[in-house]
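Per-entry structural report
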Amino acid sequence: MNYQVVVVAAGQGSRMGADRNKVLLPLKGTPVIIHTLRIFEKDPCCEGIVLVVRESERDLFRGLLEKYGIHKVVALAAGGSERQESVFNGLKSLKSSDDRIVLVHDGARPFIDRRRIAGVVEAADKHGAALLAVPVKDTIKQVDSGEVRKTLERKSLWAAQTPQAFRLSVILRAYREGADRHFMATDDASLVEEMGMLVVTVSGSYRNIKLTTPEDMIIAEKFLEEEKEDACGPRI
Ligand SMILES: Nc1ccn([C@@H]2O[C@H](COP(=O)(O)OP(=O)(O)OP(=O)(O)O)[C@@H](O)[C@H]2O)c(=O)n1
Ligand SMILES: C[C@](O)(CO)[C@H](O)COP(=O)(O)O
């Protein structure tokens, strides 16, 4: 099933502590964001990409798209001070009918695969809203000022990933209502949940990491090495 995708790349990358936007950092010599965009560029079901970037980096991203032959980006939308604002700007830039499926994906997640993209698109077509998620591996504690307040029951806890997929009418309404009510969320599905609508999960991958801190870059380089070995066979 065809879809369009909003890819957000307008963050500060403060937890990465790099000298630039973390999605511009190189992985095996190629910017993180290009690794991410290539997946959608090569997916025949992807009808178009809206890329959300900081105004100050608009020309830089345009140059990268040209250099690496990313042709499916149909619009560059303006990033905001929070991810939620960036996503909303991206959604408003989409030219699509209300019943079509749209994905929202973090530019900092370059290890998504087409099978899982198809799975979350299909789930959104059936239910209206879906996200990739994986069971948490650690025990999660609710802590206040260094004191444990509660240990959450791990078997019901899942870590949300992206892409998150929605019928366009559903996610646009969720973002508009969230803005009207000044409801802040760290992911997109939360805004749909806030409306009391069903959101379903699709099994994600532990490889679908969000590059957030420097350790994640080390893991990402290793993932790329493995992908290269798989493609070309193990090095003798
Ligand atoms: N105002 C923002 C904040 C985040 N993002 C994007 O949302 C994704 C997930 O956000 P996160 O990992 O938090 O990125 P940063 O906000 O850049 O990181 P940090 O919180 O460490 O500053 C990233 O691809 C980031 O570029 C965005 O487009 N606009
Ligand atoms: C959307 C997300 O990737 C789901 O886990 C996550 O909430 C993004 O959080 P961030 O602080 O904007 O990276």
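Residues numbered from 1 in each chain as written. Chains lettered and ligands numbered in written order. Predicted model: local features only at pLDDT ≥ 70, side-chain atom pairs only at ≥ 80, totals over all residues. Heavy atoms only, no water.

**Some points on the environment of Ser96**
- As for its position among the elements, Ser96 is in the loop between helix H3 (83-93) and strand S6 (101-106).
- Sequence-wise, Ser96 and Ser169 are 73 residues apart; in three dimensions their C-alpha atoms are separated by 9.9 Å.
- If near-sequence neighbours (up to four positions away) are discounted, Ser96 is found in contact with Gln4 and Leu168. (Helix = DSSP H or I, 4+ residues; strand = E, 2+ residues; numbered from the N terminus. Contact = heavy atoms within 4.5 Å.)

**Thoughts on the pairing of strand S9 (residues 147-151)**
- Relative to S9, strand S8 (residues 141-144) is paired through 4 bridges, and the arrangement is antiparallel. Within S9, the residue paired with Asp144 across the bridge is Glu147.
- Where S8 folds back on S9, the antiparallel hairpin that results is connected by 2 residues, among which Ser145 adopts a positive phi of roughly 50 degrees. (Pairing = 2+ DSSP bridges.)

**Here's the deal with the nonpolar core**
- Counting 36 residues, the largest nonpolar core has Tyr3, Ile33, Phe40, Leu51 and Leu103 as the members making the most contacts within it.
- Look past the residues within four positions of Phe40 in its chain and what remains in contact with it is Tyr3, Val5, Val7, Cys46, Ile49, Lys72, Leu103, His105 and Ile117.
- Counting 28 residues, the second largest nonpolar core, distinct from the first, contains Ala10, Val102, Val170 and Val192. (Core = buried A, V, L, I, M, F, W, Y, C linked by side-chain atoms within 4.5 Å. Buried < 20%, exposed > 50% of the residue type's maximum accessible area, 1.4 Å probe, protein only.)

**Regarding the site of ligand 1**
- Every one of the 18 residues lining ligand 1 counts as a neighbour, but Gly13, Ser14, Arg15, Lys22 and Ser86 are closest to it.
- Taking Val8, its main chain carries an N or O atom lying 2.9 Å from an oxygen atom of ligand 1.
- Gly107 is positioned with one of its backbone polar atoms (N or O) 3.2 Å from an oxygen atom of ligand 1.
- Protein coverage of the free-state accessible area of ligand 1, which is 560 Å², stands at 89%.
- Residues of the shell around ligand 1, tallied by class, amount to 4 nonpolar, 8 polar and 6 charged. (Near = heavy atom within 4 Å. Polar contact = N/O pair within 3.5 Å; in protein donor to acceptor, adjacent residues only side chain to side chain. Areas by Shrake-Rupley, 256 points an atom, 1.4 Å probe, with all protein chains shown as cover. Nonpolar A, V, L, I, M, F, W, Y, C, P; charged D, E, K, R; others polar.)

**Observations concerning the UniProt feature "site: Positions MEP for the nucleophilic attack" (unreviewed entry) in the protein chain**
- The UniProt feature table records "site: Positions MEP for the nucleophilic attack" (unreviewed entry) at Arg154 and Lys210.
- Locating Arg154 in the fold gives a position in the loop between S9 and strand S10 (158-167).
- If near-sequence neighbours (up to four positions away) are discounted, Arg154 is found in contact with Val136, Lys137, Asp138 and Thr139.
- Within polar-contact distance, the side chain of Arg154 engages the backbone oxygen of Lys137 at 2.9 Å.
- Inspection of the secondary structure puts Lys210 in the loop between strand S11 (200-203) and helix H7 (214-232).
- With a relative accessible area of 27%, Lys210 lands in the partly exposed category.
- Contact partners of Lys210, with chain neighbours within four places excluded, come to Arg15, Asp106, Ala108, Arg109 and Asp216.
- At a separation of 2.8 Å, a polar atom in the side chain of Lys210 contacts the side chain of Thr212. (UniProt positions renumbered as here; feature names shortened; annotations may be inferred.)

**Comments concerning the packing of aromatic side chains**
- Counted under the stated rule, the structure contains 3 aromatic pairs.
- Seen in terms of ring centroids, Tyr3 and Phe40 are 6.3 Å apart; in terms of plane orientation they differ by 75 degrees. Their pairing is edge-to-face. A residue pair is termed long-range when its members are at least 10 positions apart, and Tyr3 in strand S1 (residues 3-8) and Phe40 in helix H1 (residues 32-42) qualify at 37 residues.
- The ring of Phe88 carries the charged tip of Lys92 above its face, separated from the ring centre by 4.1 Å.
- A cation over an aromatic ring shows up here: Lys137 above the ring of Tyr206, its NZ or CZ 4.1 Å from the ring centre. (Phe/Tyr/Trp six-rings, centres within 6.5 Å; stacked < 30°, edge-to-face > 60°. Lys NZ or Arg CZ within 6 Å of the ring centre and 35° of its normal.)

**Some details on the UniProt feature "site: Transition state stabilizer" (unreviewed entry) in the protein chain**
- Cross-referencing UniProt, the feature "site: Transition state stabilizer" (unreviewed entry) maps to Arg15 and Lys22 in the present numbering.
- As for its placement among the helices and strands, Arg15 is situated in the loop between S1 and strand S2 (26-27).
- Judged by its relative accessible area of 58%, Arg15 is exposed.
- The contacts of Arg15, once residues within four sequence positions are left out, are Lys210, Thr212, Thr213 and Pro214.
- Within the element layout of this structure, Lys22 appears in the loop between S1 and S2.
- The class for Lys22 is buried, based on a relative accessible area of 14%.
- Each residue touching Lys22, except ones within four places of it in the same chain, is listed here: Gly13, Met16, Val32, Ala108, Leu211 and Thr212.

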